[in-house]
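# Observations on chain architecture
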Amino acid sequence: MSFTVVRLTTINFGHTKVPELCNSGRYLVVLYRFLNKSAKMSAPRVGGVLALGATALGAFYLGSHVERERRHDGSTSGLPRLPGLPTFGTVSAASLIPAQENNVSLAATPSRIGQIMKYGFPGLDHVRSHSDYVLSYDRRNRVPHWVFEHLTAESVAKNDAVDRSKCDFKQDESIHPFFRSQNTDYRRSGYDRGHMAAAGNHRLHQKHCDETFYLSNMAPQVGQGFNRDAWNTLEAHVRRLTKTYSNVYVCTGPLYLPHKEDDGKTYVKYEVIGANTVAVPTHFYKVIVGESADHKLHMESYVMPNQVISNDTPISVFQVPPESVERSAGLLFFDQINRKQLTTINGKKV
């Protein structure tokens, strides 16, 4: 009676272990005696089981080898390159059925998400994909971690078919009820519902503008003197960049920065509002990359305090090194771009 000796190893993929037939190394498993004794199978049946197992493993290995070869020789290069999402990521699309109207995507299609996230995800915590922006939601603080947008001159141009006054602030039902913010949290709080993805950035279709009014896209902002003034000025600056660059990518989010108090100790303190204890950030950031027609890349980064700011303060005062935002936020922005590839950072040559 002859039998087949098979070496089994496992490849960890997430939490799933996949067997792989290996070419070299010491043999770990010999199945013949186990099957013969524990199952009390006849020799021909044992041989059949072993042969079947070896065939299956061989087929798996051959398929894996062919797929690796296809990737290696670039035969898949005709496919669009999309940012990868791990199998364990929580990704929720605002619409499951792709839809288009006049060539404008009305759903979170892979191609549109690929455009928005072309230069990488800052993080992968509770990602939500809408038709024209992508966000990562902070369930503990009830505000975004970050919000990503891709802007062009067309997407920010005035469009009479898009009316902001028709939009309503609404809870995001893709968020578990335990972690949602509500309109009642903001009522009489003294804070505005501040957009992270600005409504004025999404004018191609009414649905795009509507989706910026999900409360998952909001954070409490001081109203007069900040949200309606200095912050609005920064948002307008980002839109003006589309006149200079073919594509503008912007990541926006909250910060909770430490400060030293009278006792000499440093604290991170922030207010919470409403029954759902929505966090009031101490600061907000924007990290921007402009891509010119000749594919040169220019980065700007800003941090603004969530407080009244004088109208005569230029936004350049709030420019900071992008690394300082990354350290404070615990995120890596545009990590698919080597900083040496940038032509300028905050207007200075790299």
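Residues numbered from 1 in each chain as written. Predicted model: local features only at pLDDT ≥ 70, side-chain atom pairs only at ≥ 80, totals over all residues. Heavy atoms only, no water.

## Points about the overall build of the chain
As a reminder, the rule being used: The numbering of helices and of strands both runs from the N terminus, where a helix is a DSSP run of H or I of at least 4 residues and a strand a run of E of at least 2. Three labels apply to residues, based on accessible area from a 1.4 Å probe with only protein chains included: buried if under 20% of the type maximum, exposed if over 50%, partly exposed otherwise in between. Note on definitions: a residue-residue contact is assigned when non-hydrogen atoms from the two residues lie within 4.5 Å.
Per the secondary structure count, the chain includes nine helices and 19 strands. The buried share of the chain, taken over its 350 residues, is 44%. Relative to all contacts within the chain whose residues are 6 or more apart in sequence, the contacts with residues 24 or more apart total 66%.

## Some points on the packing of aromatic side chains
As a reminder of what qualifies: Here the aromatic set is Phe, Tyr and Trp, taking the six-membered ring for Trp, and pairing holds for ring centres within 6.5 Å; pairs whose planes are under 30 degrees apart are stacked, those over 60 apart are edge-to-face, and all others are tilted. When the NZ atom of lysine or the CZ atom of arginine is within 6 Å of a ring's centre and also within 35 degrees of its normal, the charge is said to sit over that ring.
Overall, the coordinates contain 11 aromatic pairs when judged by the stated rule. Relative to Phe333, the ring of Tyr285 lies with its centre 5.2 Å away and its plane at 55°, an arrangement referred to as tilted. With a gap of 48 residues between them, Tyr285 in strand E16 (residues 283–291) and Phe333 in the loop between helix H9 (322–329) and strand E18 (342–345) connect regions that are remote in the sequence. Side by side, Tyr285 and Phe333 carry an identical accessibility label, which is buried. One aromatic cluster is present, built from ring pairs that chain together Phe121, Trp146, Phe148 and Phe334. Note that Lys170 overlies the ring of Tyr214, its terminal NZ or CZ placed 4.8 Å from the centroid. Over the ring of Tyr267 we find Lys269; its NZ or CZ atom is 4.9 Å from the centre of that ring.

## Focus on the state of the cysteines
In protein structure, a disulfide is the covalent linkage between the sulfur atoms of two cysteines. This is how the line gets drawn: The disulfide criterion used throughout: a pair of cysteine sulfur atoms within 2.5 Å.
Inspection of every chain in the model, using the stated rule, returns zero disulfides. Residue Cys209 stays outside any disulfide, its sulfur separated by 3.6 Å from that of Cys167, the closest cysteine.

## So, the nonpolar core
Side chains that are nonpolar tend, in soluble globular proteins, to be buried together. Definition in use: Here, the term nonpolar core denotes a set of buried Ala, Val, Leu, Ile, Met, Phe, Trp, Tyr and Cys residues that are joined through side-chain atoms within 4.5 Å.
The biggest cluster of nonpolar side chains holds 38 residues, and the ones touching the most others in it are Phe226, Val248, Ile288 and Met304. Secondary structure elements with two or more residues in this core: strand E7 (133–138), strand E8 (143–151), strand E10 (218–222), helix H8 (230–240), strand E11 (247–255), strand E15 (278–279), E16 and strand E17 (297–305). When residues in this core are grouped by element, the largest group, four residues, is from H8. Ignoring anything within four residues of it in the chain, the contact list for Val248 reads Glu149, His150, Leu151, Val238, Leu241, Thr242, Ile288 and Val289.

## Digging into the environment of Trp146
Along the chain, Trp146 turns up in strand E8. The spatial distance from the C-alpha of Trp146 to the C-alpha of Gly123 is 8.4 Å, given a sequence separation of 23 residues. Aside from chain neighbours lying at most four places away, what touches Trp146 is Met117, Phe121, Pro122, Gly123, Val127, Val134, Leu135, Ser136, Cys251, Thr252, Tyr285 and Leu331.

## Description of the side chain of Thr152
Mapped onto the secondary structure, Thr152 falls in the loop between E8 and helix H4 (153–156). Apart from the residues lying within four places of it in its own chain, the contact partners of Thr152 are Thr242, Ser246 and Asn247.

## Focus on the confidence of the model for the chain
Test applied: Known as pLDDT, the predictor's confidence for each residue is given on a scale from 0 to 100.
Of all residues in the chain, 71% attain a pLDDT of 70 or more, and the chain-wide mean is 83. The low-confidence segment residues 1–31 (pLDDT under 50) makes 49 contacts with residues lying over four places distant or belonging to another chain.

## Describing H9
Put simply, the test is: This arc is built from the directions going out from the helix axis to the C-beta atoms.
Listed as buried for H9 are Pro322, Val325 and Glu326. Down the axis of H9, the buried side of the element spans an arc of 100°, and every buried residue falls inside it. Check the buried side of H9 and you find it contacts E16, E17 and E18. Positive phi shows up at Gly330, right after H9, with a value of about 70°.

## Notes on the pairing of E8
Let me state the cut-off plainly: Following DSSP output, two strands are said to pair if at least two bridges run between them.
Where burial is concerned, most of E8 is hidden: eight out of the nine residues are buried. Summarising the sheet, E7 and E8 pair through six bridges and their orientation is antiparallel. When the sheet's bridge partners are listed, Tyr133 is paired in E8 with Glu149. Where E7 hands over to E8, the hairpin turn is made up of four residues, of which Arg142 adopts a positive phi near 65°. Across five bridges, E8 lies against E11 in antiparallel orientation. Note on E11: the bridge partner recorded for Val147 is Thr252.

## Details of the pairing of E18
As judged from the three bridges shared by E17 and E18, these two strands associate in the parallel manner. Note on E18: the bridge partner recorded for Leu297 is Leu342. In this structure, E18 lies alongside strand E19 (residues 348–349), joined through two bridges in antiparallel fashion. For Thr344, the partnering residue across the bridge sits in E19 and is Lys349. Between E18 and E19, which pair antiparallel and follow one another directly, the connecting turn spans two residues, one of which, Asn346, has a positive phi of 55°.

## Some remarks on unusual backbone geometry
Look at His126: it is not a glycine, yet its phi comes out positive at around 50°. Within the secondary structure layout, His126 lies in the loop between helix H3 (110–116) and strand E6 (127–129). Residue His126 is classed as buried on the basis of its relative accessible area of 16%. In this structure, Arg188 takes a positive phi of about 55° despite not being glycine.

## Remarks on the environment of Asn346
Inclusion rule: Polar contact is the term for a pair of N or O atoms within 3.5 Å; when the atoms are in protein, one must be able to donate a hydrogen and the other to accept it, and sequence-neighboring residues count only if both atoms are side-chain atoms.
If you trace the backbone, Asn346 turns up in the loop between E18 and E19. For the pair Asn346 and Ser301, spaced 45 residues apart in the sequence, the C-alpha separation amounts to 6.8 Å. Not counting residues up to four positions away in its chain, the partners in contact with Asn346 are Met299, Glu300, Ser301, Gln319, Val320 and Pro321. At 2.9 Å, the side chain of Asn346 and the backbone nitrogen of Ser301 are in polar contact.

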